[in-house]
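Report on the structure
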Amino acid sequence: MKKIAIFSSVLVASALTQMGCSKNTALSTQPSGCENQPSIGSRTVPILEQGGCRFRDLNSNGTLDTYEDWRLPVQNRAADLVQRMSLEEKAGLLLHANAYNNTEFPLPATGYNTQQVGGAIQIQHVRYFVSRLALPPAELAAANNELQAIAEKTRLGIPLVISSDARHHFQETAGASVKAAGFTQFPEPLGFAALNATESTLAFADVVRQEYRAVGITQSLAPQADLATEPRWPRINGTFGDQADIAQAMVGAYVDGVQNGRFGLGADSVAAVVKHWVGYGAAKDGLDAHNYYGRFAALTTAQLDNHIKPFLTAFANNVAGVMPAYSIFEGLEVAGEAVPAVAAGYSKPLLDLLPQHQFEGVVLSDWAITNDCEDICKHGFPEGQRPTFEGISTAWGVEDLSAPERFALALEAGIDQFGGVNDAGDLLAAVNQGLVDEARLDRSATKVIQQTMSLGLFENPFVDETAAVQTVGLQASKKLAGQLQAQSSVVLQNNAELLPLNTADGVKLFVVGEIQAEVFEKAGFRLVSNVADANVVLAKLNAPYETLYPNYFFGSVQHDGSLAFDEESLAVLRELPLGISVITSIYLDRPAILTPLLPLSTSVIANFGLSDESLVALLLGQEKAAGRLPFELPRSMQAVERQASDTPSDSESPLFEVGFSLPY
C-alpha cells in the first residue's frame, strides 16, 4: 500500500492523500484497481470478492461498504465509518487504554487479562491499548492476536492499535520502558546521541519497526524528544541528551526508521508518538512530573524555542502522534501571553503551537491526566505500605474540576486521545452535560480512524505467531546492537594507555560487580576470586541515585536525587591494593559526578547500555569507543544545584564538558 499522511479532518477535500500528491489534489471517490491488493487476514468476518479484489466484510452485511474498501483514500473511508458509529463507539476511539496483564504488578504475567481488556473492547468500544506484557515473541504475538480476535467480532469490526513504551534497551522502569524479553537490546537513546550518527539511529529504528510489527505492536510511544537539561531528572536515559541539534537529528531518524519513511504511515509502518511537548526535561529540582511533588517545570520563555527544536524533524517527517508533557510551566509565556498553570495537556497556548509547527496528527495525552487526584496522589501511601498504581493521577492544575470538566477542557485545548483511560463514562458525561458537543468527538475520532487505516490494520490485524520468532532477535540485529553498544561508549580516562588489554599478556581479572563469567573466560581472561592474585580489576558501576519519595509509586521506582557517590559505594575501590590497574565501566542513566572516582581508576569507560560481550570487545580493542558525552558531567552537587534546569550543560567548571571523549 502507498504511504499516506495523517491529517486532522476528512472534511477538507484538499488534504494530501498519497505520497507525492499535491495538497491541492482533490480526493478521488473512484476505487483503483487490484494491482495493490494488500494481504487480507481474518478469523471470523467474511471475505468479499469484487472485480478480482478481496476485502474484509467487517460488519458482516454482505456488502462492500466504503470504509471496507482499501482502494479508496482513507479520508473517504474514515468519513464513512465515523458516520456509521454511535456516540459511545466514537467516545471509545478517544481512549488509549491499559491492556492489563493477568497478574498484579510487579509479578510476571503469562498473558493479558482478557476478561478485563475484552470488556473494554466490547462494552467501552476502546480500540487503542498500551501493552506492558513482556513475553517471548511467539507468545506475545499470540496474546495480541487474541485481543484482535475479540475486536473482530464487534459490530463494525474495527481493529486494535497496540502500542508500547520502549522495549529495546537495558533499563526497565514502570511507565517509561518495558523489559526487552527477546527483543534486540540496543544502547539507550543516550548512546545514539553519543554516536550522533543518523544512519545508526535509522538502522536501530528499522529493527524496532520490524520486531514490533512481527508481534502485533503497531504504535511506538517514542521517540522522547525532551532535552535533558536538568541533570537530576530521572528520565534522562530515554532522551537524546541535552544538545538540541543532536536530539533533532536523532528524533528525525527514529521517526523515519520506525514509520518506514518520511511521508506518513503505510502498511509496514509503526506509528511513532513523539514526546513530551514541550520542556518536560526542565524538571524543577529534577523531580519528575509523574508525581504531585514534581508537577512543576522550570522552563523559561528564553529557552522555549531550544526545547521545541528536537520536535521539528519529527513534524517534518510526518510523525503520527505527539504526547504533551505532564508538567505545569510556571512563568512561561507564549506569544507574549502567560501560559496557564495547568499540565501541558490542558494548555491551549502550548497545544496551539503544534499546528503552527505543521503538526496535524493525533495528540495523545500522557497517562491519567483526567483521574481524580486524592489523598494517595498528593501524599503517597501510608508508611510501610507498598505503593501500587492505585490513586494515580496527573491532573495537575485542574484537580478541583470534575472528571467530565477535565475531558471537556482537554478537548478544547487540543487533545484527541486520552492515555490510560479504560472507561468512557466521564467523556460521555461531558457530552451529555453539554460541556462538549459530538462534532468535537467526530473530529478526533476521524483522525484516530485515519491512523488505524493507514497502518493497514483494517485489512489484516493479525500476525503470524511462528514468523515472529524468525524476525525478533535475529543474529544480524543482535550483532548490530552489540556493535552500537560498544561504539556509543565514551572513554573518559586511560592512564598509561592501559586500554586496550591483551589477554596474551596473562590478564588475571578481579571483578567488582556482576558479570557473565563464561563470556570473559571464553575471551581469554583468567578470573580470580582474590584481588591479591589479580593484575587488573574491572569495576562495573551504575550512576548513583537516591529514592527520595519511596511512598509514591513512581517515586519508589525512579532514580532521583543526588548524582554523587557516597563513601560506602566507593569503599571497595578505596580498599584495592595500591598500584593495581583498575578499569571502571559505568552505566550513565544520568550525568554522574565522577570527581572522586577518577583517582581510584586507571581507565574509565562511560556506557549507555553495554552487554558483557560488548564490554569484552571494548577491553580487547575489537570494537572502538566512538561516542562523545551527550551531556556534561558536573564536578560537584553544589554546581548542579546552582545550574538552570532548562539550560543545557551550564554547570560551573564541569569535570567533563559535553562532547568530551578520548581517542580509542
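Everything numeric here is computed off the predicted structure, so don't read it as measured data.

**Here we look at the confidence of the model for the protein chain**
Looking at the protein chain as a whole, the pLDDT averages 94, with 95% of positions reaching at least 70. Of the regions scoring below 50 in pLDDT, residues 1–26 engages in 64 contacts with residues more than four places distant in sequence or in other chains.

**Observations regarding unusual backbone geometry**
A cis amide bond links Trp 277 with the next residue in sequence, Val 278, at an omega value of -15 degrees. On the secondary structure map, Val 278 appears in the loop between strand 7 (271–277) and strand 8 (296–297). With an omega dihedral of 0 degrees, the bond running from Leu 499 to Pro 500 counts as a cis peptide bond. Mapped onto the elements of the fold, Pro 500 is located in the loop between strand 15 (490–494) and strand 16 (508–512). The residue Asp 285 is not glycine, and still its phi comes out positive at about 60 degrees.

**Considering the sheet that holds strand 9 (residues 321–324)**
If you trace the eight strands from one edge of the open sheet to the other, you get 13-9-7-6-5-4-3-14, paired in parallel fashion. Of all strands in the sheet, those with a lone pairing partner are strand 13 (362–363) and strand 14 (418–419), marking the two edges. Bridge analysis of strand 7 against strand 9 gives four bridges, and the strand direction is parallel. Bridge pairing in strand 9 links Lys 275 to Met 323.

**What about the side chain of Ser 489?**
Structurally, the position occupied by Ser 489 is in the loop between helix 16 (475–487) and strand 15. The class for Ser 489 is buried, based on a relative accessible area of 0%. Not counting chain neighbours up to four residues away, the residues in contact with Ser 489 comprise Ile 605, Ala 606, Asn 607, Leu 610, Leu 618, Ala 625, Ala 626 and Gly 627.

**Topic: the side chain of Asp 589**
Note on placement: Asp 589 falls in the loop between strand 19 (581–587) and strand 20 (603–607). One buried charged side chain, Asp 589, makes no salt bridge at all; its nearest oppositely charged neighbour is Arg 590, positioned 4.9 Å away. Only 3.0 Å separates the side chain of Asp 589 from the side chain of Gln 171, close enough to count as a polar contact. Other than its neighbours up to four places away in sequence, Asp 589 contacts Gln 171, Leu 190, Ile 236, Asn 237, Ala 543 and His 559.

**Digging into the sheet that holds strand 17 (residues 526–527)**
One open sheet holds the six strands; their spatial order is 15-20-19-18-16-17, and the pairing between them is mixed. This sheet does not close on itself; its edge strands, each paired only once, are strand 15 and strand 17. Note that strand 18 (residues 536–542) and strand 19 share seven bridges and pair parallel. Counterpart to Val 537 in the pairing with strand 19 is Val 582.

**Concerning the environment of Asn 494**
Position of Asn 494 relative to the elements: it lies in strand 15. The class of Asn 494 is buried, set by a relative accessible area of 17%. The spacing of Asn 494 and Glu 199 is 295 residues in sequence and 29 Å in space, taken between C-alpha atoms. Dropping the residues within four chain positions of it, Asn 494 is found in contact with Leu 499, Thr 602, Ser 603 and Leu 662. Side-chain polar atoms of Asn 494 contact the backbone nitrogen of Leu 498, separated by 3.2 Å.

**Side note on the nonpolar core**
Of all hydrophobic cores here, the largest spans 172 residues; its most connected members are Trp 277, Leu 350, Leu 588 and Leu 594. Those residues in contact with Leu 350, other than ones at most four positions away along the chain, are Trp 277, Val 278, Phe 329, Leu 332, Val 334, Val 339 and Ala 344. Val 511, Ile 583, Leu 618 and Leu 619 belong to the second-largest nonpolar core, a separate cluster that totals 23 residues.

**Thoughts on the pairing of strand 2 (residues 53–56)**
Sheet topology places strand 1 (residues 47–50) next to strand 2; four bridges connect them, and they run antiparallel. Within strand 2, the residue paired with Leu 48 across the bridge is Phe 55. The loop that links strand 1 with its antiparallel partner strand 2 comprises two residues; one of these, Gly 51, has a positive phi angle of about 60 degrees.

**Examining the state of the cysteines**
For the structure shown, the criterion picks out two disulfides. One disulfide bridge connects Cys 34 with Cys 53, the sulfur atoms lying 1.4 Å from each other. The chirality of the disulfide connecting Cys 34 with Cys 53 is left-handed, given an S-S dihedral of about -100 degrees. One end of the pair, Cys 34, is in the segment before strand 1; the other, Cys 53, is in strand 2, and 19 residues separate them in sequence. Two residues share a disulfide in this structure: Cys 373 and Cys 377, whose sulfurs sit 2.0 Å from each other. Taking the sign of the torsion about the S-S bond as the criterion, the disulfide between Cys 373 and Cys 377, at about -85 degrees, is left-handed. In this pair, the class of Cys 373 matches that of Cys 377, namely buried. The disulfide pattern of the protein chain is 1-2, 3-4 when the bonded cysteines are numbered in sequence order.

How each quantity is defined
Residues numbered from 1 in each chain as written. Predicted model: local features only at pLDDT ≥ 70, side-chain atom pairs only at ≥ 80, totals over all residues. Heavy atoms only, no water. pLDDT = per-residue confidence, 0-100. Contact = heavy atoms within 4.5 Å. Helix = DSSP H or I, 4+ residues; strand = E, 2+ residues; numbered from the N terminus. Pairing = 2+ DSSP bridges. Buried < 20%, exposed > 50% of the residue type's maximum accessible area, 1.4 Å probe, protein only. Lys, Arg positive; Asp, Glu negative; His and termini not counted. Salt bridge = Lys/Arg side-chain N within 4 Å of Asp/Glu carboxyl O. Polar contact = N/O pair within 3.5 Å; in protein donor to acceptor, adjacent residues only side chain to side chain. Core = buried A, V, L, I, M, F, W, Y, C linked by side-chain atoms within 4.5 Å. Disulfide = S-S within 2.5 Å.

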